[in-house]
Amino acid sequence: VQEEKIFAGKVLRLHVCTLEGAEWLEEVPEDTTVEKLKERCLKHCVPGSLEDPKTVTHHKLIHATSEKVLTDTKTVLEENIQDRDVLLLIKKRAPPPLPKMADVSAEEKRKQEQKAPDKDAILKATANLPSRSVDRTVTHHNMRDFQTELRKILVSLIEVAQKLLALNPDAVELFKKANAMLDEDEEDRVDEIALRQLTEMGFPESRAVKALRLNHMSVTQAMEWLIEHADDPAVDAPLPGHTPSEAAAEAAASSAEATAGPSSEAGGEEAKDELTEIFKKIRRKREFRPDPRAVIALMEMGFDEKEVVDALRVNNNQQNAACEWLLGDRKPSPEDLDKGIDTNSPLFQAILENPVVQLGLTNPKTLLAFEDMLENPLNSTQWMNDPETGPVMLQISRIFQTLNRT
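Model, not experiment: these values are computed from the prediction.

Calculation notes
Residues numbered from 1 in each chain as written. Predicted model: local features only at pLDDT ≥ 70, side-chain atom pairs only at ≥ 80, totals over all residues. Heavy atoms only, no water. Helix = DSSP H or I, 4+ residues; strand = E, 2+ residues; numbered from the N terminus. Buried < 20%, exposed > 50% of the residue type's maximum accessible area, 1.4 Å probe, protein only. Contact = heavy atoms within 4.5 Å. Areas by Shrake-Rupley, 256 points an atom, 1.4 Å probe, with all protein chains shown as cover. Core = buried A, V, L, I, M, F, W, Y, C linked by side-chain atoms within 4.5 Å. Salt bridge = Lys/Arg side-chain N within 4 Å of Asp/Glu carboxyl O. Arc of directions from axis to C-beta. Pairing = 2+ DSSP bridges. Axes fitted to C-alpha atoms, helices over the stretch in contact; angles between N-to-C directions. Parallel < 35°, antiparallel > 145°, perpendicular 65-115°, else oblique. Left-handed = near helix turned anticlockwise from the far one by under 90°.

Concerning the overall build of the protein chain
- Regarding its fold elements, the protein chain presents 20 helices and five strands.
- Every one of the 406 residues in the protein chain was classed for burial, and the buried ones make up 31%.
- Across the protein chain, every contact between residues at least 6 apart in sequence was considered, and the portion connecting residues at least 24 apart equals 58%.
- Here the protein chain has roughly 26700 Å² of accessible surface; of this, 53% comes from carbon and sulfur atoms.

Right under this line is the structure:
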């Protein structure tokens, strides 16, 4: 008995199949390499000799159950092939042909044409154009001028709308309803649940109210503020714009006006006076309220409270812009915000002659929108999207942009 037969490995019977439908049984020792097994399979199914080395490399064996491609250098045992397993003999797909040099050149040329120009190409293409320098400070100044001009337009349009609405017999009732909707000022409300949580922790109620207003009604942030400022001697100082005396006076004035009804004599003059009082009341409720955090931060820089409030009013409660205003030429001034546009100017005449604007000025909602945007410019998006006031604002913007270009 030969030695190799005594120590030979286990013989496995494997079912081999091809895509052409051929099927047969191969008996191989388990220490046979996959490459040798593949050669035996190819001798069985491929006509001719295997002298061409590409014949073996262009085929692969796949384990049918696991769908695994067998590695040529490994043995049948290492690939964990069992007796009576099924293998598939498949010809490998031919690799895609390499592109021709002409095709490569065309593709590269197309990519270069689609590529964005670099700095040198831009300079070369614009070499003959007259030089222009854009001053960013001028751009910023123009944006500021636009905001100032728009505010002047709103001031003048409010005056026109008030005169027109005074002639409308239904305007008084409409504005009474609008005034009732404005009675509850969201900025002055304090979350009762949040306040109770802080007072139950032992913080004084007045101090807790101040902390909640400073931290947008967040209990966690308010608590952190209270702990941080526990030893601050000014911790109980009222916030700017929330002094008790001012609040009481405002409440008393509002109450007195609310109880004041129309005179027993029903006439156009009484209705006009009543409408004027309603306008004053709405305007008072729209008064500017500075951001308490911004006021404190700017006052800590050494500025006076009044000039800080003026800076925030001019710059729509934007702390950084208010700081620049305080350190700069302080233009526009707070007094400029209450001035209207020249009623004889071509811009204002064009706005008043627009039919959409004319119709909108007879709508009480438009006046409320103007009042709101005058004191809260950030709310302009809300009114631009409103189906009643949006078209009016769009026409004003278009007229301004058109005349500004000429």
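Once the structure has been displayed, the description carries forward.
What about the nonpolar core?
- In terms of nonpolar packing, the biggest core is built from 24 residues, with Ile-153, Leu-157, Leu-347, Ile-351, Phe-370, Met-373 and Ile-396 touching the most fellow members.
- Broken down by element, this core gets its largest block of residues, seven residues, from helix α6 (residues 136–166).
- Contact partners of Ile-396, with chain neighbours within four places excluded, come to Leu-150, Ile-153, Leu-157, Ile-351, Val-357 and Phe-370.
- Among the nonpolar cores identified, the runner-up in size contains 16 residues, and Leu-14, Val-28, Leu-42 and Leu-61 belong to it.

Focus on the environment of Glu-67
- Topologically, Glu-67 is positioned in the loop between β3 (59–63) and β4 (68–69).
- With 21 residues separating them in the primary sequence, Glu-67 and Leu-88 have C-alpha atoms 9.3 Å apart.

Topic: the pattern of salt bridges
- This model, assessed by the stated rule, comprises nine salt bridges.
- With its nearest N and O atoms 2.8 Å apart, the salt bridge here joins Lys-68 to Glu-79. Of this pair, Lys-68 sits in strand β4 while Glu-79 sits in the loop between β4 and β5 (86–91), and the two are 11 residues apart along the sequence.
- According to the relative accessible area criterion, Glu-79 is buried, its value standing at 6%.
- The shortest N-O distance in the salt bridge between Arg-330 and Glu-307 comes to 3.0 Å. You can see Arg-330 sitting in the loop between α15 (319–327) and α16 (346–353) and its partner Glu-307 sitting in helix α14 (residues 305–314), a full 23 residues away along the chain.

What about helix α10 (residues 219–228)?
- Among all positions in α10, only Ala-222, Trp-225 and Leu-226 are buried. All buried residues of α10 project into a common sector of 100° when viewed along the axis, lining one side. Seen from the open side of α10, the exposed residues pointing more than 90 degrees away from its buried face are Ile-227 and Glu-228.
- Buried residues along α10 sit in contact with α8 (192–200) and α9 (205–214).

Side note on the pairing of strand β1 (residues 11–18)
- Two strands pair when backbone bridges link them, and β1 and strand β2 (residues 23–29) are joined in this way by seven bridges, in the antiparallel orientation. Bridge pairing in β2 places Val-11 opposite Pro-29.
- What sits between the antiparallel neighbours β1 and β2 is a turn of four residues, in which Gly-21 has the positive phi angle 100°.

With respect to the sheet that holds β4
- The five strands are arranged β2-β1-β5-β3-β4 in an open sheet whose pairing can be described as mixed. Each edge of the open sheet is held by one strand with a lone partner, namely β2 and β4.
- In this fold helix α2 (residues 34–45) packs onto β1, β2, β3 and β5, with an angle of close to 145° to the strand it touches most, β2.

Some details on the packing of helix α13 (residues 292–299) against α14
- α14 packs onto α13 with a crossing angle of 130° between their chain directions and a minimal axis gap of 10 Å. Relative to α14, the element α13 is oriented oblique. α14 is crossed by α13, and the crossing has right-handed handedness. Every residue of α14 that contacts α13 at Ala-294, Val-295, Leu-298 and Met-299 is listed here: Glu-305, Val-308 and Leu-312.

The analysis is restricted to geometry; functional conclusions fall outside its scope.
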